[in-house]
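A closer look at the structure
Chain residues, written in single-letter form:
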Amino acid sequence: MLVWVVYDISSNKIRRNAIKACKNVGLYRVQKSVFLGEIEENDFDELKLKMEDIIDLESDSVYIFPMTKKGLNQAGLIGQVFDKELVTDEIISKFF
């Protein structure tokens, strides 16, 4: 499944652990606090549990959104584009 992870984490140490968790399941950083990539469903569940353990539930937030490839193709992007080939292993010819 294609997954977006978006976070707002105040502590540098916690943020580094969240980044490591995203990279460990194969996600790619597309912005400073945004990751995207294809992962297996069990990795999706594992990532959610890991993030719950890592973050401060009182002050931090992590959003994990599943998305279809069709949805990514329909999404709009203005400005600098991330390398979509890394994320989906295919060239998306029409993006916005």
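Residues numbered from 1 in each chain as written. Predicted model: local features only at pLDDT ≥ 70, side-chain atom pairs only at ≥ 80, totals over all residues. Heavy atoms only, no water.

Notes on the nonpolar core
Grouped together as the largest cluster of nonpolar side chains are 19 residues, with contacts concentrated most on V5, L27, F35, L47, M51 and I64. Among the secondary structure elements, those contributing two or more residues to this core are β1 (2-8), α1 (12-24) and α2 (41-54). Among the elements that make up this core, the one with the highest residue count is α1 (five residues). Within the second largest apolar cluster, six residues are counted, among which are L2, W4, V30 and L36. (Core = buried A, V, L, I, M, F, W, Y, C linked by side-chain atoms within 4.5 Å. Buried < 20%, exposed > 50% of the residue type's maximum accessible area, 1.4 Å probe, protein only. Helix = DSSP H or I, 4+ residues; strand = E, 2+ residues; numbered from the N terminus.)

Describing the sheet that holds strand β4 (residues 61-67)
On the basis of which strands lie adjacent, the open sheet formed by four strands has the order β2-β3-β1-β4 and antiparallel pairing. Looking along the sheet, the strands with just one partner apiece sit at the ends: β2 (28-31) and β4. Going across the sheet, the axis of each strand differs from the next one's by a mean of 25°, ignoring polarity. Note: β1 against β4, seven bridges, orientation antiparallel. Among the inter-strand pairings, V5 is bridged to a residue of β4, identified as I64. Set on the sheet, α2 makes contact with β1 and β4; between it and β4 the angle comes to about 170°. (Pairing = 2+ DSSP bridges. Axes fitted to C-alpha atoms, helices over the stretch in contact; angles between N-to-C directions. Contact = heavy atoms within 4.5 Å.)

Things to note about the UniProt feature "binding site: Mg(2+)" (unreviewed entry) in the protein
The sites that carry the UniProt feature "binding site: Mg(2+)" (unreviewed entry) are, in the present numbering, D8. Relative to the assigned elements, D8 resides in strand β1. Take D8: its relative accessible area is 53%, and that puts it in the exposed class. Contacts of D8, omitting those with residues within four sequence positions, involve D60 and S61. (UniProt positions renumbered as here; feature names shortened; annotations may be inferred.)

Digging into the packing of α1 against α2
At a closest axis distance of 10 Å, the pairing of α1 and α2 adopts a crossing angle of 170°. Compared by their axis directions, α1 and α2 come out roughly antiparallel. Between α1 and α2, the residues in contact are I14, N17, A18, A21 and C22 and L47, K50, M51 and I54, respectively. Partitioning the contact of α1 with α2 into residue classes produces seven nonpolar, one polar and one charged. (Parallel < 35°, antiparallel > 145°, perpendicular 65-115°, else oblique. Nonpolar A, V, L, I, M, F, W, Y, C, P; charged D, E, K, R; others polar.)

Description of the environment of I39
Relative to the elements of secondary structure, I39 occurs in the loop between β3 (34-38) and α2. C-alpha separation for the pair I39 and V3, spaced 36 residues apart in sequence, amounts to 7.1 Å. Those residues in contact with I39 that sit more than four places away from it in its chain are M1, V3, V25, L27 and F44.

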